[in-house]
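Chains, contacts and geometry: an overview
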Amino acid sequence: MELPPSRGLARRAAELATGYLCYRRGSPGRGLALRELRRVRRQDINDVGHKYYLEMVLEDVLDKDSTVNCTAEVLYHPGNNNIAPDVQVTLEGELKNTDEADNIFYHRIKSLEKELVAENIPDSHGNVPPEMEPIRLLAWVASGYVIWQNSTENTKFQPAQIKRVKQVKRSDEYLEFDYLILLHEMVSQEIIPWQMTVLWHPQHGVQVTQDSRQPKHASE
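Residues numbered from 1 in each chain as written. Predicted model: local features only at pLDDT ≥ 70, side-chain atom pairs only at ≥ 80, totals over all residues. Heavy atoms only, no water.

Moving on, we come to the layout of surface pockets. A volume near 270 Å³ is recorded for the largest pocket. Lining the largest pocket we find 17 residues, and of these Arg-25, Gly-26, Arg-30, Thr-98 and Asp-99 sit closest to its centre. When contributions to the lining of the largest pocket are tallied by element, the ones reaching two or more residues are helix 1 (8–25), helix 2 (99–110), strand 9 (190–201) and strand 10 (205–213). Looking at side-chain class alone, the lining of the largest pocket contains five nonpolar, six polar and six charged residues. (1 Å grid on protein atoms, 1.4 Å probe; cavity = no way out; pocket = protein on both sides within 12 Å on 5 of 7 lines; lining within 4 Å. Points joined across faces, edges and corners; volume = space filled by probe spheres on them. Helix = DSSP H or I, 4+ residues; strand = E, 2+ residues; numbered from the N terminus. Nonpolar A, V, L, I, M, F, W, Y, C, P; charged D, E, K, R; others polar.)

As for its position among the elements, Ala-160 is in strand 7 (residues 157–168). When the C-alpha atoms of Ala-160 and Ile-104 are compared, they prove to be 26 Å apart, with 56 residues separating the residues in sequence. Ala-160 has contacts with Pro-122, Leu-182 and His-184, leaving out every residue within four places of it along the chain. (Contact = heavy atoms within 4.5 Å.)

So, about the pairing of strand 2 (residues 32–45). Direction of pairing for strand 1 (residues 2–3) relative to strand 2: antiparallel, over a ladder of two bridges. Opposite Leu-3, over in strand 2, you have Val-40 as the bridge partner. Sheet topology note: the strand 2/strand 3 (residues 49–60) ladder contains 12 bridges and is antiparallel. Bridging across to strand 3, Glu-36 finds its partner in Val-57. What sits between the antiparallel neighbours strand 2 and strand 3 is a turn of three residues, in which Asp-47 has the positive phi angle 65°. (Pairing = 2+ DSSP bridges.)

For the structure shown, the criterion picks out 14 salt bridges. Between Glu-36 and Arg-38 there is a salt bridge, with its nearest N and O atoms 3.5 Å apart. Judged by its relative accessible area of 35%, Glu-36 falls in the partly exposed class. Linking Glu-176 and Arg-170 is a salt bridge whose minimum nitrogen-to-oxygen distance equals 2.5 Å. Under the relative-accessibility criterion, Glu-176 is labelled buried at 13%. (Salt bridge = Lys/Arg side-chain N within 4 Å of Asp/Glu carboxyl O. Buried < 20%, exposed > 50% of the residue type's maximum accessible area, 1.4 Å probe, protein only.)

Spatially, five strands are ordered 6-7-8-9-10 in an open sheet, and the strand pairing comes out antiparallel. A strand with exactly one partner marks an edge of an open sheet, and here the two such strands are strand 6 (117–121) and strand 10. For this sheet, the mean inter-axis angle between neighbouring strands, taken without regard to orientation, is 25°. In the sheet, strand 6 pairs with strand 7 via four bridges, with the strands oriented antiparallel. From the neighbouring strand, Ala-118 faces strand 7, where its bridge partner is Val-165. (Axes fitted to C-alpha atoms, helices over the stretch in contact; angles between N-to-C directions.)

To continue, consider the packing of aromatic side chains. Aromatic ring pairs are reported here in terms of the distance separating the ring centres and the angle at which the planes meet. Overall, the coordinates contain seven aromatic pairs when judged by the stated rule. Seen in terms of ring centroids, Tyr-20 and Trp-148 are 4.9 Å apart; in terms of plane orientation they differ by 85°. Their pairing is edge-to-face. Of this pair, Tyr-20 sits in helix 1 while Trp-148 sits in helix 3 (residues 133–150); the two residues are 128 residues apart in sequence, bridging distant segments of the chain. Considered together, Tyr-20 and Trp-148 belong to a single accessibility category, that of buried residues. Between Phe-177 and Tyr-179 the ring centres are 6.2 Å apart and the planes differ by 45°, which places this aromatic pair in the tilted class. You'll find Phe-177 and Tyr-179 in the same group, each marked buried. (Phe/Tyr/Trp six-rings, centres within 6.5 Å; stacked < 30°, edge-to-face > 60°.)

Right, let's talk about the sheet that holds strand 3 for a bit. Pairing within the open sheet is antiparallel, and its five strands lie in the order 1-2-3-4-5. Two strands lie at the open edges of the sheet, namely strand 1 and strand 5 (86–91), each paired on one side alone. The pairing of strand 4 (residues 63–76) with strand 5 spans six bridges and is classified as antiparallel. Along strand 5, the bridge assignment pairs Val-74 with Val-87. Helix-sheet contacts for helix 1 involve strand 2, strand 3, strand 4 and strand 5, and the interaxial angle to strand 2 is about 120°.

Here it is as structure tokens:
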């Protein structure tokens, strides 16, 4: 069944697929956002769930002129919110290379004498200090994992703010950060604090090793 791209169900599936790909392919130098949803088809599969077939255009959040077409399939499992949706995304082109920016950030953090600590990114006026942009993008990318694992057909999550971030000292090659972020659930308009432990290395990508929904007062 063909759906209008502007319909809520279609947009939610598209945003979920974008978050999933952002987690898989993003970095402190690359975040991906949905620019255009071109076509959506929904299939109801008996005893399995609802499957969406999507044709999308994504953009690099740091370079709006850098876009890539992609197709995606999203399968929700209605009635069982404990199972993450199945997501498959196929890129029809190449993503912009961010190796140089990623390596600069990696070596800058590795060379710090004291572990990085920051809060309220962006601030109440929407400002992000340039040196914190990679930290924000890393949270954006990691939140794609949380969004993928916790989405249903009736939710649409977007990362809103980093309330706190603290670098965790490690003896190996990885960078580790402990984040408390705010997720905006657009359907209910709820703001949800969420804790994430994030590992990153330029050659190995982003891993969320631990995450948990926090009580409302955790963000105060």
